[in-house]
Number of protein chains: 2
Amino acid sequence: MRLSRYFLPVLKETPAEAQIVSHRYMLRAGMIKQASAGIYSWLPLGYKVLRKIENIIHEEQARAGHIPMLMPTIQSADLWRESGRYDAYGAEMLRITDRHDRDMLYTPTAEELITDIFRANVSSYRDLPLTMYQIQWKFRDEIRPRFGVMRGREFYMKDGYNFDLTKEDALHAYNRHLVSYLRTYERMGLQAIPMRADSGPIGGDDTHEFLVLAETGESEVFYDSEITELKFGDRAIDYDSVEQCQAVLEEFTSRYARTDETHDEAVFNQVPEARRRTARGIEVGQIFYFGTKYSEAMGATVSDKDGNQVPVHMGSHGIGVSRLLGAIIEASHDDRGIIWPEGVTPFHCGIVNLKTGDAEADAACDKIHAALIALGLDPLYDDTNERAGAKFATMDLIGLPWRITVGPRGLKNGVVELTSRRTGESEELPPEAAVAKIAEIYGVA
Amino acid sequence: MRLSRYFLPVLKETPAEAQIVSHRYMLRAGMIKQASAGIYSWLPLGYKVLRKIENIIHEEQARAGHIPMLMPTIQSADLWRESGRYDAYGAEMLRITDRHDRDMLYTPTAEELITDIFRANVSSYRDLPLTMYQIQWKFRDEIRPRFGVMRGREFYMKDGYNFDLTKEDALHAYNRHLVSYLRTYERMGLQAIPMRADSGPIGGDDTHEFLVLAETGESEVFYDSEITELKFGDRAIDYDSVEQCQAVLEEFTSRYARTDETHDEAVFNQVPEARRRTARGIEVGQIFYFGTKYSEAMGATVSDKDGNQVPVHMGSHGIGVSRLLGAIIEASHDDRGIIWPEGVTPFHCGIVNLKTGDAEADAACDKIHAALIALGLDPLYDDTNERAGAKFATMDLIGLPWRITVGPRGLKNGVVELTSRRTGESEELPPEAAVAKIAEIYGVA
C-alpha cells in the first residue's frame, strides 16, 4: 500500500482525554476516532489490526473443533426474562423499545439466545458434544467509559458456548478452551496468564480469567513468578484428548495466580517469598463452566442413552477482541510509539523513501514494494514528500516491526537499510536480501 | 468437516411463516433461525455463505483501491441533527436513549459519521481522491419485516463513501464502483443489472440500482433484453483509468433498464418490441453520486490548488450483504433445494458415505476427505448413520454444487460417483480422479 493513497491521519499532539498509553497511541496513530462516549470508529490502520486478531481467533477456534456462527446484536427481552437476567443485569444493559413497543436490548452476551437455538434443534446425546462461537459486536452501557477501546461501550467480542452431556465432558470443553486460548494469545505476542477468578453475572463455579500484566491494568493480581516462565509454544496437541488438555490446564494453573476478587493471603503466603509477585493486569478473556444454570431455566434437555431427559452441561468462553488492541499496545510500546508483534502487525513492514522524486530511489522502492506484494506480504510504502525525520516518526509511532529505508546514498553502494522497530538495530544489505529477510521472518520464503 | 461433528439442523417440514423459496430453504437447510421479528441468527451453514460473500466484496474493493474501515453500530443523534436527517428519517430509524439520557440510534447508513471523520482529518486536495468502505451491521425498523433475510430489520451491508475534489472526479468514483460491483456480483454467480433508479433518503441525482431478476422480486423492472447478454467476465481493467471505467458504464447502462420508480413508457417504447421485457427484480446494491449535499451541510471542505476552501464531492455505494444470500437462492434453486454457485458455496463439495460402518467405505471416504482438505478445499463429509436417501435429500437441500458418493458396490469396481447438483449428471470414476476433478473446478489443482 502506498501511503499517498492510504488514509492514515496521524496526530502530532496527544489528545487531552487519553489517560493511558494505548489510548494515546491508538488516537495518535490514526487507528481509532471517538464517535461518542465509549464508542469508536475503527480507522483503516486500527481495522487492519482488529481483523488480524479476529483471524487468529478463527484459526485457533477451528483447530479446537469449534464451529463459527453469528447471533444478532439486537435481541428481544423475552429470552432474558426466561433466564431471569433481564431484571438482574442492571443499567449496563442497553434497553431499546422498537416501533411496535416491544422490549429489545443490545446484547452484552448471548447465553440465552444460544441456549434457545440449542433447545429448538438438539434433542439427543448423540448430537453432543457441541461448541459454537461467534465474534460479534456487543454493548455495555458503562456509566464511565474510559481508556479508549479498553473499556468502551460498543466492543467486539468472541463468545463461545459448549453443550455437553455430563459435567465431565463439559470440563473437558473448559480445558480445551483454556489450551486454545493459550495458543491464541501467544500468537498475538501476548503472555496472558490464566488466573482463578470470580464468575460475576454469568454464574458458575469454575472460571479463569486471562490477564496480561501491565502497569495500567484495572485488576490487582497476585502470582507465583514461576508462572511467567511457562510457554505453550508450538507443541502439538490433540484437542479431543481429555488427558492432554487436562495436563495443560494443570501445568498452567497449578501455581498461585489470582485476581483481587479471589485472592487468599494465607494460600499466597505458602509461595516462597522470593517468587511472590503483586502486579496489575488487563483481563483479555475468561472461561466459565456453569453446568445446568441456563439449560434448567430454559429447558435445554437431551435424551441420554437410557432415554431420560437431562439438562445439558454448559460453559461460555470469551475473548475481548477490540480490547486486545489496547492490551497488546500496553504490553508492547516505547516512548516513540507502538511496537507490533509480527502476528498482529497491520503491515508486515514499512518502506521509507528518503528522497521521493529521485528516479533511482523511487525505482528501488517500487521494486521492493512489488517484490513484497508478490510474496503475499502487505508492506506500507511511504512515498510522500514528507522529510525523512517525519517519515521515521510516523513509522515508529504506528509500530511496524520492520522498516526498509531507501536513499540515494545507500543505493550508490547497492544497499538499503533494514531496521527492527523492537531493538532499533539496523543492517545494510542489498534490496533483494532485505526482501528475502522479511520473507523469512514471516515464513513466506 | 464431518457432519457428525457439525451443527446442521435441517428441517423436514417447511415453516409456515416462510412465503418465498429463499426464506423456506434457508430455514430448512439450517442456515438461519429467527431470533425475533426480522432479526436472525446465522447458523453455521448460513454464516459460512455470509463470510464467502463478504470476502468476495473485500477482495473486489481492494482491487478497486478502496480502503476498509469500520464504524460503530450505535451512534449519537447529534451528527444526524447536523445533516437534518434525524427528523427526516422517520420511524424506520431505531432510536435509543442511553443511561445518561442521550439520544442515540442504531445506524441505518453512515454518511454523517464518515463525513465527520473526513472533515476532522482531511484539509487538502492533495489527500484526494479517497474512498473508504465498511461491511457492518445496520438496522432498519421495518414495520412489516418479511421474506427472511431479504427484508429483515438487522442486516449486513457494505457501504462505501468517496470523497473527491471535483464533480468529474466523483463521477469517476461512481463509475469505478459500478465496474467493481459488476465483477463482485458475477463472482457470486449472479447477473445483477444496473438500472436507473430513484435516490430516496440518501439524496442526489445520479444513482443506479443493481437488480437480480427473480419472480419474487419486490420491484417491477423494464428492460431491453439485450442487456441480459452482457457479461463483464474476466477482462482486465485499470480502475484508475477514467476512460476504461466510463466505457464499462456506457456498455452496461446505455440500453433501457429501469425500475418502476423511474420507468418512462415513451422511452421504453423506442426499444424494439421483441426486446422489451417486464419482470420482477431483487435489489442487491445501489450507487449514488450526491455531490456536496453532506459536505456543505457538515462543513467538509478542503483547500484546492489555489488555496480556496471548497466542499468535497461525495457519493455512497452499498451492497446488501445478508440480502444477497436470499437473492442468490431465488436465482439458483430447484424443487429439491438450493444450488450454490461455486463462488459462494458453504462447502466445496459433499461426500456421501452410502454405508457408514463398512470398513472399506469408511476408509475410502476418509481418504477423499483428507485429500480435499490437503488441497486447501473444504468438503462436508456425511459420516452419519442416516440412510442413503436421507443423506441425498440433505445434500440436495443444502445445495453443494458437487457430491462424491462412495459405496461398497462402486468400490469393488474401483470407482465412486461424482454428481453435479446443477445438472444432476453423474459419472463414475476412481476416487483420485474425482478429487482431481474437484480440484480443477476450484482452480487448486
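As the structure is a computational prediction, the values presented were derived from the model and not from experiment. (Residues numbered from 1 in each chain as written. Chains lettered and ligands numbered in written order. Predicted model: local features only at pLDDT ≥ 70, side-chain atom pairs only at ≥ 80, totals over all residues. Heavy atoms only, no water.)

**Some details on the packing of aromatic side chains**
According to the stated counting rule, one finds 25 aromatic pairs over all chains in the structure shown. The interplanar angle of 85 degrees and the centroid separation of 6.1 Å between the aromatic rings of tyrosine 181 of chain A and tyrosine 185 of chain A together place this pair among those described as edge-to-face. In this pair, tyrosine 181 of chain A and tyrosine 185 of chain A are both assigned in helix α6 (residues 167-187), four residues apart and thus about one turn of the helix distant. As far as the burial class goes, tyrosine 181 of chain A and tyrosine 185 of chain A line up, both buried. Between arginine 140 of chain B and the ring centre of phenylalanine 155 of chain B, over which it is positioned, the NZ or CZ distance is 4.4 Å. (Phe/Tyr/Trp six-rings, centres within 6.5 Å; stacked < 30°, edge-to-face > 60°. Helix = DSSP H or I, 4+ residues; strand = E, 2+ residues; numbered from the N terminus. Buried < 20%, exposed > 50% of the residue type's maximum accessible area, 1.4 Å probe, protein only. Lys NZ or Arg CZ within 6 Å of the ring centre and 35° of its normal.)

**Here's the deal with the relation of the copies chain B and chain A**
Least-squares fitting of chain B to chain A yields an RMSD of 0.0 Å, with the superposition described by an axial translation of 0.0 Å and a rotation of 180 degrees. Taken together, these values place the two copies in the relation of a two-fold axis. Measuring from the rotation axis to each C-alpha of chain B, the shortest distance belongs to isoleucine 96 of chain B, at 2.9 Å. (Least-squares fit on C-alpha atoms with pLDDT ≥ 70 in both.)

**Overview of the pattern of salt bridges**
If you walk through the whole model with that rule in mind, you get 68 salt bridges over all chains. Among the salt bridges present, the one from aspartate 159 of chain B reaches lysine 138 of chain B, with a minimum N-O distance of 2.8 Å. Residue aspartate 159 of chain B is located in strand β8 (residues 154-164), and its partner lysine 138 of chain B is located in strand β7 (residues 130-139); the two are separated by 21 residues in the primary sequence. Given the relative accessible area of 0%, lysine 138 of chain B is considered buried. Beyond isolated ion pairs, a larger network of salt bridges with shared partners links Arg140, Glu142, Arg146, Arg151, Glu218 and Arg323 of chain A. (Salt bridge = Lys/Arg side-chain N within 4 Å of Asp/Glu carboxyl O.)

**As for the nonpolar core**
Taken as a class, soluble globular proteins show a tendency for nonpolar side chains to be buried jointly. Within the largest apolar cluster, 235 residues are counted, with the highest numbers of intra-cluster contacts made by Met31, Trp42 and Ile53 of chain A together with Met31, Trp42 and Ile53 of chain B. Filtering out sequence-adjacent residues up to four positions away, methionine 31 of chain B remains in contact with Met26, Ser41, Trp42, Leu43, Leu45, Gly46, Val49, Leu325, Ile329, Ile338 and Trp340 of chain B. (Core = buried A, V, L, I, M, F, W, Y, C linked by side-chain atoms within 4.5 Å. Contact = heavy atoms within 4.5 Å.)

**So, the sheet that holds strand β19 (residues 349-353) of chain A**
Residues and elements named next belong to chain A. With mixed pairing, the five strands of this open sheet are ordered in space as β20-β19-β21-β22-β23. At either end of the open sheet lies a strand with only one pairing partner, and these are β20 (379-382) and β23 (426-429). Adjacent strand axes in the sheet meet at a mean angle of 20 degrees when their direction is disregarded. Bridge analysis of β19 against β20 gives four bridges, and the strand direction is parallel. What sits directly across from cysteine 349, in β20, is proline 379. Sheet strands touched by helix α11 (residues 359-374): β19, β20, β21 (402-406) and β22 (416-420). Its angle to β19, the strand with the most contacts, is close to 165 degrees. Strands in contact with helix α12 (residues 388-398) are β19, β20 and β21; relative to β19, the strand with the most contacts, it is inclined by about 175 degrees. (Pairing = 2+ DSSP bridges. Axes fitted to C-alpha atoms, helices over the stretch in contact; angles between N-to-C directions.)

**Considering the packing of helix α2 (residues 44-63) of chain A against helix α10 (residues 321-331) of chain A**
Residues and elements named next belong to chain A. With their axes 9 Å apart at the nearest point, α2 and α10 run at an angle of 110 degrees to one another. Taken as axis vectors, α2 and α10 run roughly perpendicular relative to one another. Viewed along their axes, α2 and α10 form a crossing whose handedness is right-handed. On the side of α2, the interface is formed by Gly46, Val49, Leu50, Ile53 and Ile57, while α10 contributes Val321, Ser322, Leu324, Leu325 and Ile328. (Parallel < 35°, antiparallel > 145°, perpendicular 65-115°, else oblique. Left-handed = near helix turned anticlockwise from the far one by under 90°.)

**Here's the deal with the sheet that holds strand β4 (residues 74-76) of chain A**
Residue and element names in this part refer to chain A. Read across the sheet, three strands follow the order β4-β6-β5 without closing on themselves; strand pairing throughout is antiparallel. Every interior strand has two partners, whereas the edge strands, β4 and β5 (94-97), have only one. Pairwise comparison of adjacent strand axes, ignoring direction, gives a mean angle of 35 degrees for this sheet. Of the pairings in the sheet, the one linking β4 to strand β6 (residues 103-106) comprises three bridges and is antiparallel in character. Within the sheet, the bridge partner assigned to isoleucine 74 lies in β6 and is tyrosine 106.

**Let's talk about the environment of valine 122 of chain B**
Inspection of the secondary structure puts valine 122 of chain B in the loop between α5 (111-121) and β7. The spacing of valine 122 of chain B and alanine 300 of chain B is 178 residues in sequence and 8.5 Å in space, taken between C-alpha atoms. In this structure, valine 122 of chain B is in contact with Phe7 of chain A together with Asp127, Leu128, Thr301 and Val302 of chain B, ignoring residues within four places of it in sequence.

**As for the domain arrangement of chain A**
All names here are of chain A. According to the domain assignment, chain A consists of domain 1 (3-338) and domain 2 (349-441). Once you take the C-alpha centre of each, domain 1 and domain 2 turn out to be 37 Å apart. Taken residue by residue, the interface counts 14 residues in domain 1 and 13 residues in domain 2. The junction of domain 1 with domain 2 conceals about 1200 Å² of combined surface from both sides, 54% of it contributed by carbon and sulfur atoms. Considering only the side of domain 1, the residues that lose the most area to domain 2 are Leu3, Arg336 and Ile338, jointly responsible for 46% of the buried surface there. Across the domain 1-domain 2 interface, the total number found is three salt bridges. At the junction of domain 1 and domain 2, the tally comes to 10 residue pairs in polar contact (both at pLDDT 80 or more). Listed by contribution, the elements that provide at least two residues to the side of domain 1 that touches domain 2 are α1 (21-28), α2 and β18 (337-338). (Domains from an automatic or database assignment. Buried area = accessible area lost by both parts, 1.4 Å probe. Polar contact = N/O pair within 3.5 Å; in protein donor to acceptor, adjacent residues only side chain to side chain.)

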